[in-house]
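# Residue-level structure breakdown
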Amino acid sequence: ELAKMLIDINELSYREEISRALKRSYTFGDSNIEAQFKDARFEFLHGDKTKSLRIFNSLAKYNLLPSSKNKVRDRILDSHNTPKIFYGKIERLHDSFAFINCLDFPDNIYAHVTSMSSYEDWQSLKNNISVKFTVGFNYKGVAIHSLWII
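Here we summarise the structure given alongside this text. (Residues numbered from 1 in each chain as written. Predicted model: local features only at pLDDT ≥ 70, side-chain atom pairs only at ≥ 80, totals over all residues. Heavy atoms only, no water.)

As a further point, take a nonpolar patch on the surface. A contiguous nonpolar patch, built from L2, M5, I9 and Y14 and spanning about 370 Å² of accessible area, is present on the exposed surface. With respect to the element layout, Y14 can be found in the loop between α1 (2-10) and α2 (15-24). Classification of Y14 by relative accessible area gives partly exposed; the value is 32%. (Patch = residues over 30% accessible without salt bridge, like charges linked within 9 Å, V, L, I, M, F, W, Y side chains within 5 Å. Areas by Shrake-Rupley, 256 points an atom, 1.4 Å probe, with all protein chains shown as cover. Salt bridge = Lys/Arg side-chain N within 4 Å of Asp/Glu carboxyl O. Helix = DSSP H or I, 4+ residues; strand = E, 2+ residues; numbered from the N terminus. Buried < 20%, exposed > 50% of the residue type's maximum accessible area, 1.4 Å probe, protein only.)

So, in structure tokens, the structure goes:
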């Protein structure tokens, strides 16, 4: 709870306190998946990306409803506390999902068809097309929250 409160107040100002609180809030692999999620997100943004990926990989194995496991939340915010806009290109497009290449991230980012405002917009996507998007996290890791064609 302390970590969540400090994240909501000012994540950048309270990095050390948040990190300590998150480390005390669970044991790796236990049933406190929300604390593990917050820690994985925090580590991805402010700490050890390898540790973050290890936690996300563990969370992805939990037996949860797909709608819960895949829900994108906790978007990355800019200095004005609004969802940060990223830019990239469609790397691989499939019927209901795509992978987006963005220089700000080490790996391609997953986007589900529901990240666009309509299925018709999704159908207009093509490989290598430029897009802008907001990014959040689900229990599997980094994922696109909202996606627009540029």
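Moving on, we get to the pairing of strand β1 (residues 86-93). As defined by bridge partners, β1 adjoins strand β4 (residues 130-138) across four bridges and the pair is classed as antiparallel. Paired with F86 across the bridge in β4 is F133. Judged from the four bridges that link them, β1 and strand β2 (residues 97-101) form a sheet pairing that is antiparallel. Directly across from L93, in β2, lies its bridge partner A98. Count of turn residues in the β1/β2 antiparallel hairpin: three residues. (Pairing = 2+ DSSP bridges.)

Any functional reading would require information that these geometric values do not contain.
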